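A closer look at the structure
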Amino acid sequence: MSGHKISNGILEAIGQTPIVKFNRYLDSKQVQLSVKLESANPGGSAKDRPAFQMIQQALAQGEITKDSTIVESSSGNMGIGLAQVCRYHGLKLICVVDPNAQKQNVKIIKALGARIEMVTEPLEGDFLAARMARVCQLLETIPGSFWPNQYANCQNPKAHELGTIREIDEALAGEIDYLFVATSSTGTAQGCRDYLRTHGRNTQVVAVDAQGSVLFGGKPGMRKIPGLGAGREPRLARNQNFDHLVRVTDIDCVVGCHRAAQCEAVLIGGSAGGVLESVRSMQYDLSGKSCVAILHDSGTRYLDTVFNEEWVSTSLGASAEEITQRINGPALSTERIPS
């Protein structure tokens with residue numbers, strides 16, 4: 001057991017997630033692809049990092065007391081991260097979710113002692129707007145309530161600047177030509193970009209967004225995969241620019257998840273599938289390059305959706321045969337937006 005760190009409590013176990021070479025996922029063998037498996041965090045996703053950072057900072061500054069009620073909007077993973085941190089500190093948490101949240105995620109949040117507030121109707125066609133409106137109602141009516149606000153809190157990107165990208169950079173000795181990151185609040189992408197620029201790296205940061213997302217000037221549309229894109233631009237995302245922007249469809253995400261399971265024997269979450277298909281769509285432009293993809297969570301939480309043939313057919317209109325053909329066929333061209 002020598003060399004293994006013993007964590008003093010579950011929150012100290014956040015971070016230092018594995019980096020794994022994916023040698024089989026791409027069609028081209030000329031690209032070095034490594035992935036950061038954020039599912040190895042104790043709460044199961046990359047959101048553990050900002051959840052911990054935001055609450056710890058608020059506690060340190062006296063914005064939260066033992067009597068505070070934490071209120072946050074989440075598509076699932078942030079809710080789990082916050083539920084874990086709040087349970088550890090004995091804080092009450094109300095998590096506002098919508099029907100697109102994975103059912104298993106909602107059950108995990110409840111199991112960790114949080115209260116669930118489900119909004120069932122979108123506001124002006126957008127569930128995020130409906131969730132935010134409910135958060136505001138709760139903040140107005142609950143004394144001592146506190147909103148971490150992952151969509152505007154600078155501690156969100158700071159968590160990834162201090163942890164995620166630093167771990168990647170140190171493991172690869174700064175030799176990263178391209179970094180692929182899913183975007184929603186844009187916290188992960190921002191923190192990674194800022195670290196790389198501060199440390200003089202020439203890494204190209206590729207922001208992966210969803211088709212139907214309003215981020216980066218996109219047009220709103222229907223999206224079924226949670227944790228990727230946004231129906232309303234978060235404050236953190238305003239005026240943000242990255243070296244490249246790729247937009248993927250829900251079906252791209254499904255294909256990526258299934259291909260990762262088939263080629264690499266790894267179950268990854270919906271947004272991670274989109275990230276990997278973004279890499280594959282650009283692979284012939286990346287020959288000889290070292291690429292890293294941050295994979296935000298595990299596919300074990302998407303067994304009833306992304307990995308369910310009936311759900312994919314009913315919700316996305318794609319047959320099992322179509323998905324299989326896409327998995328085994330060449331990568332389709334994703335929507336690449338000039339930076």
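Whatever comes next refers back to the structure up there.
Now for a look at the structure at hand. Being a predicted model, the structure only gives us computed values, none of them experimental. (Residues numbered from 1 in each chain as written. Predicted model: local features only at pLDDT ≥ 70, side-chain atom pairs only at ≥ 80, totals over all residues. Heavy atoms only, no water.)

We now examine the sheet that holds strand β1 (residues 19-21). Across a sheet, strands are paired by hydrogen bonds formed along the backbone, either parallel or antiparallel in direction. The strand order β1-β2-β10-β7-β8-β9-β11 describes an open sheet built from seven strands, whose pairing is mixed. Sheet topology places β1 and β11 (335-337) at the edges, where each strand pairs with a single neighbour. Each strand of the sheet is rotated relative to its neighbour by a mean of 25 degrees, with strand direction disregarded. Lying on the sheet, helix α8 (residues 270-281) is in contact with β2 (32-37), β7 (178-182), β8 (204-210), β9 (244-248) and β10 (290-295); it crosses β10 at an angle near 165 degrees. (Pairing = 2+ DSSP bridges. Helix = DSSP H or I, 4+ residues; strand = E, 2+ residues; numbered from the N terminus. Axes fitted to C-alpha atoms, helices over the stretch in contact; angles between N-to-C directions. Contact = heavy atoms within 4.5 Å.)

What follows deals with the sheet that holds strand β4 (residues 92-97). Spatially, the four strands line up as an open sheet ordered β5-β4-β3-β6, and their pairing is parallel. The sheet is open, and its two edges are formed by β5 (115-118) and β6 (145-146), each paired on a single side. Of the strand pairs in this sheet, strand β3 (residues 69-73) and β6 are connected by two bridges, and their pairing is parallel. If you follow T69 over to β6, its bridge partner there is S145.

For the pair helix α1 (residues 48-60) and helix α2 (residues 77-89), interaxial distance at closest approach is 8 Å and the crossing angle is 40 degrees. By the angle between their directions, the pair α1 and α2 is classed as oblique. The crossing of α1 and α2 is right-handed. In this structure, α1 uses D48, P50, A51, F52, M54, I55, Q56 and L59 to contact α2, whose residues at the interface are M78, G81, L82, Q84, V85 and H89. Its residues placed into classes, the contact of α1 with α2 shows nine nonpolar, four polar and one charged. (Parallel < 35°, antiparallel > 145°, perpendicular 65-115°, else oblique. Left-handed = near helix turned anticlockwise from the far one by under 90°. Nonpolar A, V, L, I, M, F, W, Y, C, P; charged D, E, K, R; others polar.)

In this section: the packing of aromatic side chains. Taken as a whole and assessed by the stated rule, the structure comprises one aromatic pair. Relative to F242, the ring of F216 lies with its centre 6.0 Å away and its plane at 85 degrees, an arrangement referred to as edge-to-face. Here the residue F216 occupies a position in the loop between β8 and β9, and F242 occupies one in the loop between β8 and β9, the gap between them amounting to 26 residues. For F216, a relative accessible area of 25% corresponds to the partly exposed category. Judged by relative accessible area, F242 falls into the buried class, the value being 11%. When the ring centre of Y25 is taken as reference, the NZ or CZ atom of R259 above it lies at 5.2 Å. (Phe/Tyr/Trp six-rings, centres within 6.5 Å; stacked < 30°, edge-to-face > 60°. Buried < 20%, exposed > 50% of the residue type's maximum accessible area, 1.4 Å probe, protein only. Lys NZ or Arg CZ within 6 Å of the ring centre and 35° of its normal.)

Right, let's talk about the packing of helix α5 (residues 155-171) against helix α6 (residues 187-198) for a bit. For any two helices packed against each other, the geometry comes down to the angle between their axes and how far apart the axes lie. Their axes nearest at 7 Å, the elements α5 and α6 cross at an angle of 60 degrees. Taken as axis vectors, α5 and α6 run oblique relative to one another. The element α5 and its partner α6 pack so that their crossing is right-handed. In this structure, α5 uses N156, P157, H160, E161, I165, R166 and D169 to contact α6, whose residues at the interface are G187, T188, Q190, G191, C192, D194, Y195 and L196.

What follows deals with helix α4 (residues 127-141). The end-to-end C-alpha distance of α4 is 21 Å, a good match for the 21 Å that 15 residues give at a rise of 1.5 Å each. Along its buried surface, α4 packs onto β3, β4, β5 and β6. Its side-chain oxygen 3.2 Å from the backbone nitrogen of L128, D126 forms the N-cap of α4. (Expected span 1.5 Å × (residues − 1). Polar contact = N/O pair within 3.5 Å; in protein donor to acceptor, adjacent residues only side chain to side chain.)

Our next topic: unusual backbone geometry. Although it is not a glycine, F216 adopts a positive phi angle of roughly 55 degrees. Phi at N239 is positive, roughly 60 degrees, even though this residue is not glycine. Considering the arrangement of structural elements, one finds N239 in the loop between β8 and β9. Residue N239 is classed as exposed on the basis of its relative accessible area, which comes to 75%.

The biggest cluster of nonpolar side chains holds 43 residues, and the ones touching the most others in it are L33, F180, L276, A293 and L295. In terms of residue count, the dominant contributor to this core is helix α7 (residues 250-264) (six residues). Aside from chain neighbours lying at most four places away, what touches F180 is V206, V208, V275, S278, V279, M282, L286, C291, V292, A293 and I294. By size, the runner-up hydrophobic cluster in this structure holds 23 residues, among which are A51, I55, I109 and A114. (Core = buried A, V, L, I, M, F, W, Y, C linked by side-chain atoms within 4.5 Å.)

This part covers the pattern of salt bridges. Taken as a whole and judged by the stated rule, the model has 18 salt bridges. Between E38 and R49 there is a salt bridge; the shortest N-O distance is 2.6 Å. One end of the pair, E38, is in the loop between β2 and α1; the other, R49, is in helix α1, with 11 residues separating them in the sequence. There is no split in this pair, since E38 and R49 are both buried. Here R115 makes a salt bridge to E117, at a shortest N to O gap of 2.8 Å. By relative accessible area, R115 is classed as partly exposed at 42%. (Salt bridge = Lys/Arg side-chain N within 4 Å of Asp/Glu carboxyl O.)

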